[in-house]
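# Observations on chain architecture
What follows is each chain in one-letter form.
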Amino acid sequence: MLTTTHLAAVLLLGLLLNLDRNEWFAALAFGVALDVDHLFAAPGYVERNGFAAILKPSWDDGSGIPWRSVLHYPMGAFLVIPLSVGWRLLLPLLFWLTHLAIDYVQSVTLAYSAVVESAFLASVCLGIFAFSYQAWAAASSDHGLRPFLRYVKEYLRSSIYGPRRANRGTAGRS
Ligand SMILES: [Zn+2]
């Protein structure tokens, strides 16, 4: 699926598992950055199919030329499992499997890819929103959508510009 969809799925799972900084790194590497292999295949693919074909749900153009690395196939487990040893919940493996599962669902629903992906992305985003709201409401004396959106704005600002420029108390967890 689109990298944005993978990113959203990793965000939701990461929030649910309350990841720390190192764990976020592993989650993003194995859950999202995995798709970097498409970049290596892209020049040849575009040459064969034209630029617009970039947006096709599957890059399998029947040429037999691989467009995904071994990490996109079950064989990749031989690489991912050793790297997962020592991580809580074998996190790299967990996020890698999640990525493969999402790609698999897409591959079996290719004909309805746009609908399936939109519905999936929308539910994941809704999940992220619901989880964040709940966590905020539990920790804050404020309630309601407006204060929450103000908090999100402040939180994003502090993430981008650093905690010093943000209001006190909204610097987020370390
Ligand atoms: Zn993928």
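For the structure itself, consult the block above.
Described in the following lines is the structure provided in the data block. (Residues numbered from 1 in each chain as written. Predicted model: local features only at pLDDT ≥ 70, side-chain atom pairs only at ≥ 80, totals over all residues.)

### Structural notes on the overall build of the protein
- Looking only at helices and strands, the protein features seven helices and zero strands.
- Reading the secondary structure of the protein in the N-to-C direction produces α-α-α-α-α-α-α.
- Over its C-alpha atoms, taken along the principal directions, the protein stretches across nearly 60 × 40 × 30 Å.
- Counting across all 174 residues of the protein, residues that qualify as buried make up 13%.
- Restricting the contact set of the protein to residue pairs at least 6 apart, pairs at least 24 apart contribute 58%. (Helix = DSSP H or I, 4+ residues; strand = E, 2+ residues; numbered from the N terminus. Buried ≥ 20, exposed ≤ 12 C-beta atoms within 10 Å, placed from the backbone. Contact = placed C-beta atoms within 7 Å.)

### Regarding unusual backbone geometry
- Even without being a glycine, Asn18 presents a positive backbone phi close to 55 degrees.
- Structurally, Asn18 is set in the loop between α1 (3-17) and α2 (21-31).
- Phi at Leu89 takes a positive value of approximately 55 degrees, unusual for a residue other than glycine.
- In this fold, Leu89 is placed in the loop between α4 (77-84) and α5 (91-108).

### Focus: the environment of Leu83
- Position of Leu83 relative to the elements: it lies in helix α4.
- For Leu83, a count of 16 C-beta atoms within 10 Å corresponds to the partly exposed category.
- Taking the C-alpha atoms as reference points, Leu83 and Leu93, separated by 10 residues in sequence, lie 8.1 Å from one another.

### Considering α2
- Those residues of α2 lying buried are Ala26, Ala27, Phe30 and Gly31. Buried residues of α2, seen end-on, are gathered within an arc of 105 degrees and therefore sit on one face of the element. Facing away from the buried side of α2 by more than 90 degrees, the exposed set consists of Arg21 and Asn22.
- In the core, the buried residues of α2 are packed alongside α1, α4 and α5. (Arc of directions from axis to C-beta.)

### What about the nonpolar core?
- Grouped together as the largest cluster of nonpolar side chains are 16 residues, with contacts concentrated most on Val10, Ala27, Phe30 and Phe95.
- Of the residues forming this core, the biggest block, five residues, is contributed by α1.
- Among all residues touching Phe30, those that are not within four sequence positions of it are Val80, Pro92, Phe95, Trp96 and His99. (Core = buried A, V, L, I, M, F, W, Y, C linked by C-beta atoms within 7 Å.)

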